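Each chain, written out:
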Amino acid sequence: MSPTNPSPRTGAGTARTSSATVRRPVPGPAGLPVIGSLLDLHRDSLGAFLSARREHGDVVRLEAGPPGFRSVFYAVFAPEGVQQILAAQAANFRKDHPFYEEVRQSFGNGLLTSQDADYLRQRRLVQPLFTRRRVDGYATAVTTEADAVATRWRSAEDGVVDLVPEMNRLALRTVARILFGVDAEVATTAIHRCAPVVNDYVVRRAYAPVKVPRDWPTPRNLRNRRVTAELNALCDRIVAERRTASGTATGEPDHNDLLSLLAAAGNDEDGTLDATEVREQVLIFLLAGHETTATSMAFTLHLLARHPDEQSRIRAELARVLGDHTPTAADLDRLPLLGRALKESMRLYPAAPVVSRRAVEATEVAGFPLPAGADVVVSPWVTHRHPDLWEDPERFDPDRFTPEREAERHRYAWFPFGGGPRACIGQHFSMLESVLALATLLRSHELTALDREVPVAAGITLQATGPARVRLRAL
């Protein structure tokens, strides 16, 4: 660690007042002549962030692009700094970052991207779906979908499956059943074809030093426009079919799912949601609501397939706790080994590997000045691998998450669901879905990894860029 940066255990993220401290320039890589770190960030942004922390410390300044079109942003890696940005000074670090603006342009102003009064209203509308009591009631839907996967796996060709598309399909079907009250089969093909195109488009534009206007007829713009229109049409169809089936078009919902709650919004003092606003909520939940959980499940299974001893420990726990009964929400706390493996997977493969913000006013992080208007990122991918926080950080070790060891760590040493007032609204939902689905699959099959490593890249969510194949043995 650079001697100019304090250790995260010794006060990173606290303000310093001495003039000598305030004048310290934020360190960072020089990069290549003319374009700075542009190539490194485009080729492997997660690797570039890891190198930046290793070589320059816990607050780093990065520049990308030629003079006159250069992007400058600051990366903060120590947990105290992360807490300052996401929680303690959350009002000063807003979702005005170019990344979120590109997400807004592609997916609309739903819960992920909205701010201020819009965000507060939207969160209030959907909060009833995510109370602990309501989420616990989703358990049967989760295990029903997971049982269907386990049954299908028994006839898998050569006994081999790729966990990435398998878990994407499972998570999508589950979220569609629970949040929209519809069968997701019609949506699965379209989302899996369209989402990667929009994902790549958003990320490229967010960090491009020069942005071609979206309305120019370039091949990339036209391709994005085509798949975005397809996704919007899909969401409109889901809304229309759901309202027709349930009678919610009359404003009298008879179901407790997201579409019913949105349809009922016109009955309160805040007024109605128009068709576009409803579509934007549906699109965000369909995409972000399934990709994040799918990532956690796929990498947990793959890591357990690579570590048969841990897999055997968990299977013994499942047999001891569950016996022959289907797992329920009441079993969530009774399966600590499985819960620890899931958390360790989320440490190594956080579904949101980079989180972006923009500073409203000038401030300090770890004694370094950040100017007003600065683009700032925090990175679970990097902080979860910080050697001052995690011994042998690349090693898979679920016992890092025993209650005693968790209590010793900083709250923001592990933050796969973000933190502060914008923490993920669905984190209990994600944990419940993941534990129950994993329990269902692991008690029915033994998994052996065929691909030892799975390459990944940072998109809107973490993206596997190669297969995660396992061989199955039915139990």
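These numbers were taken from a predicted model, which means no experiment stands behind them.

Parameters and conventions
- Residues numbered from 1 in each chain as written.
- Predicted model: local features only at pLDDT ≥ 70, side-chain atom pairs only at ≥ 80, totals over all residues.
- Heavy atoms only, no water.
- Helix = DSSP H or I, 4+ residues; strand = E, 2+ residues; numbered from the N terminus.
- Buried < 20%, exposed > 50% of the residue type's maximum accessible area, 1.4 Å probe, protein only.
- Contact = heavy atoms within 4.5 Å.
- Areas by Shrake-Rupley, 256 points an atom, 1.4 Å probe, with all protein chains shown as cover.
- Pairing = 2+ DSSP bridges.
- Axes fitted to C-alpha atoms, helices over the stretch in contact; angles between N-to-C directions.
- Phe/Tyr/Trp six-rings, centres within 6.5 Å; stacked < 30°, edge-to-face > 60°.
- Lys NZ or Arg CZ within 6 Å of the ring centre and 35° of its normal.
- Core = buried A, V, L, I, M, F, W, Y, C linked by side-chain atoms within 4.5 Å.
- Salt bridge = Lys/Arg side-chain N within 4 Å of Asp/Glu carboxyl O.
- Expected span 1.5 Å × (residues − 1).
- Arc of directions from axis to C-beta.

(A) Structural detail: the overall build of the protein. Counting secondary structure elements, the protein contains 17 helices and 12 strands. When the 475 residues of the protein are sorted by exposure, 55% land in the buried category. Long-range contacts, defined as pairs at least 24 residues apart, comprise 73% of the intrachain contacts of the protein with a sequence gap of at least 6. Carbon and sulfur atoms make up 53% of the accessible area of the protein, which totals about 20000 Å².

(B) Fine view of the sheet that holds strand β5 (residues 355-359). Strand order in the open sheet formed by five strands is β1-β2-β8-β5-β3, with mixed pairing between adjacent strands. Looking along the sheet, the strands with just one partner apiece sit at the ends: β1 (59-64) and β3 (93-94). Relative to strand β8 (residues 375-378), β5 is paired through four bridges, and the arrangement is antiparallel. Pairing of Arg357 across the sheet is with Val376, part of β8. Together, β1, β2 (71-76) and β8 form the strand contacts of helix α2 (residues 38-56), whose direction differs from that of β1 by roughly 155 degrees.

(C) Local environment of the packing of aromatic side chains. Enumeration according to the criterion identifies 10 aromatic pairs in this entry. With 4.0 Å between their ring centres and 10 degrees between their planes, Phe299 and Tyr349 make a pair best called stacked. Of this pair, Phe299 sits in helix α12 (residues 275-306) while Tyr349 sits in the loop between α14 (336-348) and β5, placing them 50 residues apart in sequence. Judged on exposure class, the residue Phe299 and its partner Tyr349 are both buried. Pairing Tyr349 with Trp381 gives two aromatic rings, centres 6.2 Å apart and planes at 65 degrees, and the pair type is edge-to-face. Of this pair, Tyr349 sits in the loop between α14 and β5 while Trp381 sits in helix α15 (residues 380-383), and the two are 32 residues apart along the sequence. In terms of burial, Tyr349 and Trp381 fall into one category: buried. Taken together, the ring pairs in this structure connect Phe130, Tyr138, Phe285 and Phe429 into an aromatic cluster. Across from the ring centre of Trp390, 5.1 Å away, lies the NZ or CZ of Arg347, which sits over that ring. Sitting above the plane of the Tyr119 ring, Arg422 keeps its charged end 3.6 Å from the centroid.

(D) Local environment of the nonpolar core. Membership of the largest hydrophobic core comes to 139 residues, with the highest contact counts inside it found for Leu179 and Phe180. The element best represented in this core is α12, accounting for 15 residues. Non-local contacts of Leu179, meaning those with residues more than four positions away in its chain, are made with Leu129, Phe130, Asp257, Leu258, Leu259, Phe285 and Phe429.

(E) Structural detail: unusual backbone geometry. Unlike most non-glycine residues, Asp158 shows phi in positive territory, near 60 degrees. Within the element layout of this structure, Asp158 appears in the loop between α7 (139-153) and β4 (160-162).

(F) Quick peek at the pattern of salt bridges. Across all of its chains, the model carries 29 salt bridges by this definition. Glu310 serves as the salt-bridge partner of Arg313, at 3.1 Å between the closest nitrogen and oxygen. Of this pair, Arg313 and Glu310 both sit in helix α13 (residues 308-322), three residues apart, which is roughly one turn of that helix. The class of Arg313 is partly exposed, set by a relative accessible area of 32%. The partner of Asp397 in a salt bridge is Arg395, with the nearest N and O atoms 3.4 Å apart.

(G) Spotlight on the pairing of strand β12 (residues 469-474). Alignment of β4 against β12, held across three bridges, turns out to be antiparallel. The partner of Val161 across the bridge, within β12, is Val470.

(H) Region of the structure containing helix α8 (residues 163-180). An ideal rise of 1.5 Å per residue puts 26 Å on 18 residues; α8 measures up with 25 Å between its terminal C-alpha atoms. Most of α8 is tucked away, with 15 of its 18 residues classed as buried. Just downstream of α8 lies Gly181, where phi reads positive at about 65 degrees.

(I) Spotlight on the sheet that holds strand β9 (residues 445-449). An order of β4-β12-β9 is seen for the three strands of this open sheet, with the pairing classed as antiparallel. In this open sheet, the two strands that pair with only one neighbour each are β4 and β9. Within the sheet, the average angular offset between the axes of one strand and its neighbour, ignoring direction, is 35 degrees. Here β9 runs beside β12; their pairing, made up of five bridges, is antiparallel. Across the sheet, residue Thr448 finds its bridge partner in β12, namely Arg471. Here α8 sits on the sheet in contact with β4, β9 and β12, set at roughly 70 degrees to β4.

(J) Here's a closer look at α13. An ideal rise of 1.5 Å per residue puts 21 Å on 15 residues; α13 measures up with 20 Å between its terminal C-alpha atoms. Among the residues making up α13, those that are buried are Glu310, Gln311, Ile314, Arg315, Glu317, Leu318, Val321 and Leu322. The arc that holds the buried residues of α13, viewed along the axis, is 160 degrees, so those residues lie on one side. Of the residues in α13, the exposed ones pointing more than 90 degrees away from the buried face are Asp309, Ala319 and Arg320. Next to the buried residues of α13 lie α12, α14, α17 (427-442) and β9. Once α13 finishes, Gly323 follows within two positions and takes phi at roughly 60 degrees, a positive value.

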